[in-house]
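# Examination of the molecular architecture
Spelled out, the chains give:
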Amino acid sequence: MRKRHAEIAGAGFAGLTAACALAQRGWSVRVHERADRLRTTGAGIYIYENGLRVLEAVGAYDVAVKGAPFAHTREVRDGRNRLISVHRWTGSRVFSIVRQNVINALAAVATRAGVDIVTDSLAAGATPDGELMLADGRKLKADLVVGADGSNSRLRDSLGLLAKRKYLVDGCTRLLTDKTPEEMAVTDGAKTVEYWSGTRRVLYTPCSETDLYIALTMLDSDAVAKAVPVRKDDWKRAFPRLEPLIDRIGDQGRYDRFDLIKLKRWSAGRVAIVGDAAHALPPNIGQGGGCAMMNALSLAVYLERENDVAAALTTWERNERPLTEHTQRISHILGLPTTWPPVLRAAALGIAGRSQWLIRQRTRTALHRPTGT
Ligand SMILES: Cc1cc2nc3c(=O)[nH]c(=O)nc-3n(C[C@H](O)[C@H](O)[C@H](O)COP(=O)(O)OP(=O)(O)OC[C@H]3O[C@@H](n4cnc5c(N)ncnc54)[C@H](O)[C@@H]3O)c2cc1C
């Protein structure tokens with residue numbers, strides 16, 4: 001039988017996972033990445049049980065989690081360092097990992113499976129009959145085109161699939177810094193802490209043997225707080241107890257405003273849209289990358305089950321989209337207290353940390369067994 005061929009735009013979590021899963025199922029695959037190399041934000045990422053299962057299924061798990069700590073405990077603390085809530089992950093896994101390590105692990109598996117990864121290749125659009133248009137004017141024909149080109153997806157927009165893009169009130173600057181010798185001496189996993197002060201948050205996360213991941217969250221309208229390089233004096237005023245930590249921040253960092261994306265459909269003919277391009281969400285439960293990888297793997301699974309590409313994509317969306325929608329809803333709701341008065345917010349976060357019903361809603365995606373795993 002003729003090998004089916006896929007052209008993929010974007011070599012992030014979604015594009016690389018789709019590339020691995022399709023190639024492992026007999027497809028010939030080419031991935032187009034606009035950057036000159038496979039480079040992601042210098043930051044950490046939480047990958048929960050669901051995403052870890054996907055990494056295992058494609059064979060990238062061992063390399064991706066090498067040296068990454070098991071993030072067993074997550075605390076939320078208020079401006080006076082009082083504990084608002086604590087969640088302990090027992091019976092399921094969650095690692096905090098350097099992002100680049102996951103990308104490298106997926107890229108290595110993809111390359112071994114025969115995927116052609118082309119850098120400096122900017123995708124410009126696609127047609128439902130399976131044509132990928134590149135910015136240099138070339139048109140590439142495929143049985144399947146995958147738009148995994150992130151939240152500003154050109155492929156999605158060329159097909160008019162966007163139903164709603166809501167920019168949220170907040171955003172985040174992410175960065176990595178070196179661990180201290182004391183932090184390096186901790187070898188029994190990672191306790192991660194989210195500190196609140198007014199509308200600002202500092203998330204502290206050890207994410208490798210040597211790296212610490214810091215995420216500073218603030219209102220998008222807070223120009224001083226979102227400045228990069230980070231205005232350390234201003235952050236130290238907001239978090240006097242964290243002065244030694246804030247002092248360790250260097251000049252690097254990347255700010256992103258949170259957004260929420262919904263599509264009319266996840267596909268058009270032979271084109272599938274996956275990852276942030278289809279369903280970006282705020283990171284309040286750390287599942288954007290998890291959903292991107294789950295939906296990329298399941299895409300390949302449905303295409304293996306059903307020969308007709310358009311029909312397979314319809315089934316894929318019908319079966320997989322409800323969990324992603326749930327994840328977006330919960331993530332969005334958990335961000336709402338950001339603008340509430342501190343007392344109300346602490347009460348809401350405390351309830352969210354104790355209510356068994358809310359914990360079930362919040363952890364449903366992490367505990368889901370993804371299709372194909
Ligand atoms: C502050 C913050 C914290 C987060 N924390 C977590 C977390 O802890 N856990 C988690 O699971 N998720 C987290 N996320 C979400 C996660 O980062 C995203 O959901 C994930 O990166 C989506 O992957 P993707 O492959 O769809 O898109 P991207 O990661 O955006 O990758 C898209 C790729 O496509 C390339 N590209 C773009 N346009 C084109 C084009 N036209 N042609 C060719 N290539 C193109 C880009 O260069 C990039 O390499 C967080 C997000 C933020 C903002």
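Our structure's up above, just so we're on the same page.
The present account deals with the structure reproduced in this document. (Residues numbered from 1 in each chain as written. Predicted model: local features only at pLDDT ≥ 70, side-chain atom pairs only at ≥ 80, totals over all residues. Heavy atoms only, no water.)

### Digging into the environment of Ala-352
As a reminder of what qualifies: Runs of E in the DSSP output that reach at least two residues are strands. Runs of H or I that reach at least four are helices, and both are numbered from the N terminus. Exposed residues in this analysis have more than 50% of their type's maximum accessible area, buried residues have under 20%, and partly exposed residues fall in between, with area computed by a 1.4 Å probe over protein chains only.
Summarising the element assignment, Ala-352 is placed in helix 13 (residues 342–354). Judged by relative accessible area, Ala-352 falls into the buried class, the value being 10%.

### Some points on the pairing of strand 5 (residues 83–88)
Note the following rule: Strand pairing is assigned whenever DSSP detects at least two bridges linking the two strands.
When strand 4 (residues 73–77) meets strand 5, the two strands line up antiparallel, connected through 5 bridges. Bridging across to strand 5, Val-76 finds its partner in Ser-85. The hairpin turn running from strand 4 into strand 5, its antiparallel successor, is 5 residues long, and Asn-81 in that turn takes a positive phi close to 65°.

### Here's the deal with the site of the ligand
Heads up, the condition is: Note on definitions. A residue lies near a molecule or strand when any single heavy atom of the residue is within 4 Å of it. Counted as a polar contact is a pair of N or O atoms within 3.5 Å, where, for protein atoms, one must be capable of donating a hydrogen and the other of accepting one, and residues adjacent in sequence contribute only when both atoms are in side chains. Methods summary: accessible areas were calculated by the Shrake-Rupley approach with a probe of 1.4 Å, and residue burial reflects only the protein chains presented. Put simply, Ala, Val, Leu, Ile, Met, Phe, Trp, Tyr, Cys and Pro go in the nonpolar bin, Asp, Glu, Lys and Arg in the charged bin, and everything else, Gly too, in the polar bin.
Among the 28 residues in the neighbourhood of the ligand, the closest are listed as Glu-33, Tyr-46, Arg-99, Asp-276 and Gly-289. One nitrogen or oxygen atom from the main chain of Gly-286 is found 3.1 Å from a nitrogen atom belonging to the ligand. Residue Gly-288 places a main-chain N or O atom 3.3 Å away from an oxygen atom belonging to the ligand. Starting from 1,000 Å² of accessible surface for the ligand in isolation, the protein chains cover 88%. The set of elements that each furnish at least two residues to the shell around the ligand consists of helix 1 (13–23), strand 3 (44–48), strand 12 (162–178) and helix 11 (288–305). Among the elements that make up the shell around the ligand, the one with the highest residue count is helix 11 (3 residues). A class-by-class count of the residues in the shell around the ligand yields 11 nonpolar, 11 polar and 6 charged.

### Quick look at unusual backbone geometry
Look at the link from Val-228 to Pro-229: it is a cis peptide, with omega at 0°. For Asn-81, which is not a glycine, the phi torsion comes out positive at approximately 65°. Mapped onto the secondary structure, Asn-81 falls in the loop between strand 4 and strand 5. Although it is not a glycine, Asp-120 adopts a positive phi angle of roughly 55°. Here Asp-120 is to be found in the loop between strand 7 (116–118) and strand 8 (123–127). Judged by relative accessible area, Asp-120 falls into the exposed class, the value being 58%.

### So, the sheet that holds strand 14 (residues 200–206)
Applicable threshold: Every angle, taken between N-to-C directions, lies between 0 and 180 degrees, and every axis is a line fitted to C-alpha atoms, over only the stretch in contact when it is a helix. Contact definition: two residues touch when any of their heavy atoms are within 4.5 Å.
The strand order across the open sheet formed by 7 strands is 5-4-13-14-15-12-16, and the pairing between neighbours is mixed. Both outer strands of the open sheet, strand 5 and strand 16 (254–263), are each paired with one neighbouring strand and no more. The sheet shows a mean angle of 20° between the axes of neighbouring strands, taken without regard to direction. Across 5 bridges, strand 4 lies against strand 13 (residues 191–197) in parallel orientation. Counted as the bridge partner of Glu-75 is Val-193 from strand 13. Across the sheet, helix 12 (residues 309–335) touches strand 12 and strand 16, and the angle it forms with strand 16 is around 135°.

### Focus: the sheet that holds strand 10 (residues 139–141)
Spatial strand order, 8-9-10: 3 strands in an open sheet with antiparallel pairing. Single-partner strands in this sheet number two, and they are strand 8 and strand 10. Averaged over all adjacent pairs, the angle separating strand axes in this sheet is 25°, with direction ignored. When strand 8 meets strand 9 (residues 131–134), the two strands line up antiparallel, connected through 4 bridges. Counterpart to Gly-125 in the pairing with strand 9 is Met-133.

### Section: the pattern of salt bridges
We apply this condition: Any carboxyl oxygen of Asp or Glu within 4 Å of a side-chain nitrogen of Lys or Arg constitutes a salt bridge here.
For the structure on display, the rule yields 30 salt bridges. Where Arg-248 meets Glu-183, a salt bridge forms, and the shortest distance between an N and an O atom there is 2.6 Å. With Arg-248 in the loop between helix 9 (243–247) and strand 16 and Glu-183 in helix 6 (residues 181–184), this residue pair connects regions lying 65 residues apart in the sequence. A residue is classified by how much of its surface remains accessible, and Arg-248, at 26% relative accessible area, is partly exposed.

### A word on the nonpolar core
Selection rule: For this analysis, a nonpolar core means a set of buried residues of the types Ala, Val, Leu, Ile, Met, Phe, Trp, Tyr and Cys, connected via side-chain atoms within 4.5 Å.
Counting 78 residues, the largest nonpolar core has Ile-8, Leu-22, Val-29, Leu-55, Leu-106, Leu-144 and Leu-303 as the members making the most contacts within it. Sorting elements by how many residues they give to this core places helix 11 first, with 11 residues. Setting aside its immediate chain neighbours within four residues, Val-29 contacts His-5, Ala-6, Ile-8, Ala-19, Leu-22, Ala-23, Gly-114, Val-115 and Asp-116. If you look at the next biggest cluster of nonpolar residues, it comprises 17 residues, including Val-202, Leu-212, Phe-239 and Leu-245.

### Remarks on helix 2 (residues 49–58)
Counted residue by residue, helix 2 has 7 buried out of 10 residues, so it is predominantly covered. Residues of helix 2 that are buried include every one of Glu-49, Asn-50, Gly-51, Leu-52, Val-54, Leu-55 and Val-58, and no others. Directly beyond the C-terminal end of helix 2, a positive phi value near 90° is found at Gly-59.

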